[in-house]
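# A closer look at the structure
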Amino acid sequence: MCGSYKTCLKTDRNQDDILSVLAEVLEEQSHRELFGLELGSGTGQHVVHFAQELTYITWLPSDIKEESRASIRAYIGATKVTRVLEPVHLDASEPWEKWAGLPRSSCDIIVAINLFHVSSFKTAEGVFQGAGEILKQNGILMTYGPYAINGVIIPASNEELDRTLRERNPEWGLPDIDVLRQIAFSNGMRLERMIEMPESNKCLVFRKL
């Protein structure tokens, strides 16, 4: 089984930077046991790395693809990590009641890494609607990836990325942070921090009110 896990070089490059932000955001809660959900876990590299370093969090990874869930299971087996649960099928565009049976106010942290720009707007809306129900009060939704700001995409490499994505799928493309902020607010969350990351990416930290 361990031979079936997949690797992503981009994940190898960014996982420590994202881990640093996650550790800082959750530092005040690191004295207690937390429960985290990762949306669109992909290969499983991120969630396993987070679990190895932030040992106070138990993670539930998720993905819509069985191929990805198989890779996650393989990473869990290869690393013997104990803080990552069996991956579940979860389509964030669906109502939160279909989010793998997770009850309301059950999560301390939800992360979505490189998800929005390769998903439909319906998926982005679903993430905030679901997080608004699944997160505990003061819980955190952290997203990572490339974004537009007030309709402007910089630098040129991100403009090209947006154009390429929309050619592949008209529903894809870099989401606008101001639009996401408004969707978050309508679902009981506020954009608390916007953190510049390497390679023209950003971490957005939303808090459940």
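Before any of the text, the structure's been laid out above.
Being a predicted model, the structure only gives us computed values, none of them experimental.

### Examining the nonpolar core
Side chains of a nonpolar character, in soluble globular proteins, are inclined to be buried together. Core analysis: the largest hydrophobic core is formed by 30 residues, its most contacted members being Leu22, Leu26, Ile57, Trp59, Ile109 and Met142. Sorting the residues of this core by element identifies α1 (9–25), α2 (45–53), β2 (57–61), α3 (66–79), β3 (107–113), β4 (135–145), β5 (189–197) and β6 (201–208) as the ones contributing at least two each. Considering each element in turn, this core owes the most residues, 5 residues, to α1. Within the second largest apolar cluster, 29 residues are counted, among which are Trp99, Cys107, Leu141 and Ile183.

### Observations concerning the packing of helix α4 (residues 121–134) against helix α6 (residues 177–186)
Direction vectors running N to C along α4 and α6 enclose 40°, while the axes themselves pass 9 Å from each other. Taken together, the axes of α4 and α6 are oblique relative to one another. The chirality of how α4 crosses α6 is right-handed. Residue-level inspection shows Phe121, Ala124, Glu125 and Phe128 of α4 in contact with α6, the latter providing Val179, Leu180, Ile183 and Ala184. Of the residues that constitute the contact of α4 with α6, the class distribution is 7 nonpolar, no polar and 1 charged.

### Focus: α4
Note: α-helices contain 3.6 residues per turn, so residues at a spacing of three or four share the same orientation. Here α4 spans 20 Å end to end across 14 residues, near enough to the 20 Å set by a 1.5 Å rise per residue. The inward-facing, buried residues of α4 abut β1 (34–39), β3, β4, α6, β5 and β6.

### A word on the packing of α2 against α3
Close contact between α2 and α3 brings their axes to 9 Å; oriented N to C, the two are set at 35°. Along this stretch, α2 crosses α3, giving a crossing that reads as right-handed. On the side of α2, the interface is formed by Gln45, Val48 and Gln52, while α3 contributes Tyr75, Ile76 and Thr79. The residue inventory of the contact of α2 with α3, partitioned by class, reads 3 nonpolar, 3 polar and no charged.

### Let's talk about the environment of Arg190
Inspection of the secondary structure assignment puts Arg190 in strand β5. Residue Arg190 is classed as partly exposed on the basis of its relative accessible area of 38%. Setting aside anything within four residues of it in sequence, one finds Arg190 in contact with Val205, Phe206, Arg207 and Leu209.

### Details of the pairing of β6
Taking burial as the measure, the 8 residues of β6 include 8 buried ones, the bulk of the element. Relative to β6, β4 runs antiparallel, the two sharing 6 bridges. Residue pairing across strands places Gly145 opposite Lys202, the latter belonging to β6. Pairing between β5 and β6: 8 bridges, direction antiparallel. Opposite Ile195, over in β6, you have Cys203 as the bridge partner.

### Describing the sheet that holds β5
Read across the open sheet, the 6 strands follow the order β2-β1-β3-β4-β6-β5; overall the sheet is mixed. Because the sheet does not close on itself, it has two edges, and the strands there are β2 and β5. Shown here is a sheet whose adjacent strand axes are inclined to one another by a mean of 20°, direction ignored. Relative to β2, α2 is tilted by about 170°, and along the sheet it contacts β1, β2 and β3.

### Thoughts on the layout of surface pockets
A volume near 1200 Å³ is recorded for the largest pocket. If you trace the largest pocket, you find 40 residues lining it, with Gly40, Ile113, Asn114, Leu115 and Val118 closest to the centre. The set of elements that each furnish at least two residues to the lining of the largest pocket consists of α1, β1, α3 and α5 (156–168). A per-class count over the lining of the largest pocket returns 12 nonpolar, 19 polar and 9 charged. Taken as a whole, the second largest pocket spans an internal volume of roughly 180 Å³. Tallied by class, residues from the lining of the second largest pocket come to 8 nonpolar, 3 polar and 3 charged.

About the cut-offs
- Residues numbered from 1 in each chain as written.
- Predicted model: local features only at pLDDT ≥ 70, side-chain atom pairs only at ≥ 80, totals over all residues.
- Heavy atoms only, no water.
- Core = buried A, V, L, I, M, F, W, Y, C linked by side-chain atoms within 4.5 Å.
- Buried < 20%, exposed > 50% of the residue type's maximum accessible area, 1.4 Å probe, protein only.
- Helix = DSSP H or I, 4+ residues; strand = E, 2+ residues; numbered from the N terminus.
- Axes fitted to C-alpha atoms, helices over the stretch in contact; angles between N-to-C directions.
- Parallel < 35°, antiparallel > 145°, perpendicular 65-115°, else oblique.
- Left-handed = near helix turned anticlockwise from the far one by under 90°.
- Contact = heavy atoms within 4.5 Å.
- Nonpolar A, V, L, I, M, F, W, Y, C, P; charged D, E, K, R; others polar.
- Expected span 1.5 Å × (residues − 1).
- Pairing = 2+ DSSP bridges.
- 1 Å grid on protein atoms, 1.4 Å probe; cavity = no way out; pocket = protein on both sides within 12 Å on 5 of 7 lines; lining within 4 Å.
- Points joined across faces, edges and corners; volume = space filled by probe spheres on them.

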